[in-house]
Structures are given as structure tokens and as C-alpha cells.
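# Chains, contacts and geometry: an overview
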Amino acid sequence: FCQPSGWQLFPERNPPTFFVAVLTDINSERHYCACFTFWEAVESPQPQSHARNGEGEEEEEEEASAPVQPAQLFAPKSLVLVSRLDHAEVFRVS
């Protein structure tokens, strides 16, 4: 329930989000979940490919010897505080 949009990687950092969910257990007791989600940079396992223009061997050799930079992506990370007290505004402000 922390990631309603799923656990997808994005090429840009999204703004942080905050929402409250209420869970009811088997004894009909409520638990209030304050969910704060932010986006953390991660490195892609796939390096970015360089576009080849096919104009000559010299340029191809330069590209082959140049280090390939990994693509930077952003993954969601959530912090969830669970409370039996309905005081979510305290978590939002803090």
C-alpha cells in the first residue's frame, strides 16, 4: 500500500509525497499509517549506449576507450510510521 503507483524506476526525481492509510486488524482495532515517500538516486545496471555515427575508425576507437557512464535513475523509498492514535498531522509537520 506504500507505493500505489508501483515500484518503478524513473529518469527524473519526483517530488516527495505524504498520505495516511488506516488499517483495521482482526480485532477491529485501527492502526494509522503515515507514509512519506521520496525518490533516491540509483545506478542502472545497464550502461548508457553511445550513438555511433559510422564516420571512421578513429571515432569508434575513441568511443571504445572512453569510460561508459551508467544511467542514473530514481527509485521510490518510503518511510511508514504506524500508530494506534489518529494524529497524522503531527507526522506531516515533523
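Residues numbered from 1 in each chain as written. Predicted model: local features only at pLDDT ≥ 70, side-chain atom pairs only at ≥ 80, totals over all residues. Heavy atoms only, no water.

Per an unreviewed UniProt entry, the protein goes by the name MTMR5 protein and belongs to Vireo altiloquus.

### A few points about the pattern of salt bridges
Counted only if it meets this: For salt bridges, the criterion is a side-chain nitrogen of Lys or Arg within 4 Å of an Asp or Glu carboxyl oxygen. Each helix corresponds to a stretch of at least 4 residues labelled H or I by DSSP, and each strand to a stretch of at least 2 residues labelled E; elements are numbered beginning at the N terminus. Three labels apply to residues, based on accessible area from a 1.4 Å probe with only protein chains included: buried if under 20% of the type maximum, exposed if over 50%, partly exposed otherwise in between.
Enumeration over the complete set of coordinates arrives at 1 salt bridge. With a closest N to O distance of 3.0 Å, Glu-40 and Lys-77 form a salt bridge. Within this pair, whereas Glu-40 is found in strand S2 (residues 30-47), its partner Lys-77 is found in strand S3 (residues 70-83), the two being separated by 37 residues in sequence. Judged by its relative accessible area of 34%, Glu-40 is partly exposed.

### Topic: the environment of Pro-11
Our working definition: Contacts are assigned to residue pairs with any non-hydrogen atoms lying within 4.5 Å of each other.
Within the secondary structure, Pro-11 sits in the segment before strand S1 (17-24). The class for Pro-11 is exposed, based on a relative accessible area of 59%. In the structure, Pro-11 is positioned 30 residues away from Ala-41 in sequence and 9.4 Å away in space, judged by C-alpha atoms. When sequence neighbours within four positions are dropped, the list of residues in contact with Pro-11 reads Gln-72, Leu-73 and Phe-74.

### Remarks on the packing of aromatic side chains
What counts, and what does not: Two rings from Phe, Tyr or Trp (for Trp, the six-membered ring) form a pair when their centres sit within 6.5 Å of each other. Planes less than 30 degrees apart are called stacked, planes more than 60 degrees apart edge-to-face, and all others tilted.
In the structure shown here, the tally under the stated rule is 2 aromatic pairs. Judged by centre distance (5.4 Å) and plane angle (80 degrees), the ring pair of Phe-10 and Trp-39 falls under edge-to-face. Of this pair, Phe-10 sits in the segment before S1 while Trp-39 is found in strand S2, placing the two residues 29 residues apart along the sequence. Assessed through its relative accessible area of 12%, Trp-39 is described here as buried.

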